[in-house]
Amino acid sequence: MIKPDQPTAVQSPPRKPPSRKWYALSAVILLMSFGVFFGAILSKAEAVRDRIETMPRFVAPIEGGHVVDLAEPGHYIIYHENLGTLEGQAFDNPRRQVWPTMASPAMTCRITREGDGRSIEARLPGVDNPTQGKREVTTDLIPAYNTAGRQGHGVWVFDIDQPGRYRVELAYVPEINLDPDAIALPEALTREVQGTMTSAQGKAYEVARREAQERLALAGLEPVDVLIAVGQDPTDGSYFNLLGVRGAATVLAFGFTASAIIGLVTLMLRGGHVTPRGELNQVQRGLLTKKTDPS
């Protein structure tokens, strides 16, 4: 017998499960998001390749240097293409041929503007190191590119305030003609010897050893022709900064989230894993009645 104050069970009408078309909608959203993203990536890659291929190139060293036309002011990079071609000639030189150590290139670089002969500062990419009194090249600040048939890394950077014709003169440093056997490398010190040295003596030893190592690296090179390219960073500093790639990544993230939500909700509703709101209210009222019923 049902007590007067006990709620009676109410049979909720059967709910019609959602159509399988919601799965199709989820898949379409996901595929469209991937399409937008990969379309932006391919477009970006094509733009980068075009920028790389249109850079002025020349073979160095060459007497008198080479004049390049720079169409706009800004920040420019002199790349050594350790892998590339120019006028049918293929180049495949190791990176150390121009840059054997991180802070000491194997070539000198001189840039002047045609017409007035104004000198333009060419510097190593990197940051100033006040402790050592020199520029310290850091791997994360070295501009580079790697495409099919071309690999380049930046060796010098410079800035110009107006477009025009600029002469770039590269020449091997005298150290490459030295005999490696004639370069004395300070021996490594034992811990006991280091303990007897003053701070100034230790610093002088480290400087002398580093300079000797750099001279040895330079002396081991052959003065061969290398391929040089001059241009601005083809990626504008970040691969995701051109042609809406960052926006396309946002679209992909949104599309993936929306697709997952639609798919999961549809799966739960079709599988009966969701409690209808009416039944949930009945369960809550029943639990409340049990708590208040003294029997």
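These remarks concern the structure in this document. Computed from a predicted model, the values in this text were never measured in an experiment. (Residues numbered from 1 in each chain as written. Predicted model: local features only at pLDDT ≥ 70, side-chain atom pairs only at ≥ 80, totals over all residues. Heavy atoms only, no water.)

### Quick look at helix 3 (residues 199-219)
Here's step 1: With 21 residues, helix 3 should cover 30 Å at 1.5 Å per step; its first-to-last C-alpha distance of 30 Å lies within 8% of that length.
Here's step 2: Within helix 3 the residues assigned to the buried category are Tyr-205, Ala-212, Glu-214, Leu-218 and Ala-219. (Helix = DSSP H or I, 4+ residues; strand = E, 2+ residues; numbered from the N terminus. Expected span 1.5 Å × (residues − 1). Buried < 20%, exposed > 50% of the residue type's maximum accessible area, 1.4 Å probe, protein only.)

### Focus on the environment of His-80
Here's step 1: Tracing the sequence through the fold places His-80 in strand 3 (residues 74-86).
Here's step 2: According to the relative accessible area criterion, His-80 is buried, its value standing at 0%.
Here's step 3: His-80 sits 15 residues away from Arg-95 along the chain, and the two C-alpha atoms are 7.7 Å apart.

### What about the nonpolar core?
Here's step 1: Ile-78, Trp-156, Phe-158 and Leu-170 are the most contacted members of the largest nonpolar core, which totals 30 residues.
Here's step 2: Every element with two or more residues in this core is listed here: strand 1 (57-60), strand 2 (66-70), strand 3, strand 5 (107-113), strand 10 (150-160), strand 11 (164-172) and strand 12 (226-231).
Here's step 3: Ranked by size, the runner-up nonpolar core spans 8 residues in total, among them Val-48, Ile-77, Tyr-79 and Ala-229. (Core = buried A, V, L, I, M, F, W, Y, C linked by side-chain atoms within 4.5 Å.)

### Overview of the environment of Val-157
Here's step 1: Within the element layout of this structure, Val-157 appears in strand 10.
Here's step 2: In this structure, the C-alpha to C-alpha distance between Val-157 and Gly-126, residues 31 residues apart in sequence, is 9.6 Å.

### Comments concerning helix 1 (residues 21-53)
Here's step 1: Between its first and last C-alpha, helix 1 extends 47 Å over 33 residues, near the 48 Å set by a 1.5 Å rise per residue.
Here's step 2: By the burial criterion, the buried members of helix 1 are Ser-26, Ser-33, Phe-37, Ala-40, Ile-41, Lys-44, Ala-45, Val-48 and Ile-52.

### With respect to the sheet that holds strand 2
Here's step 1: In spatial order, the strands read 2-11-5-6; together these 4 strands make up an open sheet with antiparallel pairing. Bordering the open sheet on either side are strand 2 and strand 6 (119-120), each of which pairs with just one other strand.
Here's step 2: As defined by bridge partners, strand 5 adjoins strand 11 across 7 bridges and the pair is classed as antiparallel. Residue Arg-110 lies in a different strand from strand 11, and its bridge partner there is Glu-169. (Pairing = 2+ DSSP bridges.)

### Observations regarding a nonpolar patch on the surface
Here's step 1: A contiguous nonpolar surface patch, about 280 Å² in accessible area, is contributed by Tyr-23, Leu-264 and Leu-267.
Here's step 2: Structurally, the position occupied by Leu-264 is in helix 4 (residues 245-270).
Here's step 3: A residue is classified by how much of its surface remains accessible, and Leu-264, at 52% relative accessible area, is exposed. (Patch = residues over 30% accessible without salt bridge, like charges linked within 9 Å, V, L, I, M, F, W, Y side chains within 5 Å. Areas by Shrake-Rupley, 256 points an atom, 1.4 Å probe, with all protein chains shown as cover. Salt bridge = Lys/Arg side-chain N within 4 Å of Asp/Glu carboxyl O.)

### Observations concerning the pairing of strand 5
Here's step 1: For strand 5, the tally of buried residues reaches 5 of 7 residues, placing the bulk of the element in the interior.
Here's step 2: Where strand 5 and strand 6 come together, 2 bridges link them in antiparallel fashion. Paired with Thr-112 across the bridge in strand 6 is Ser-119.

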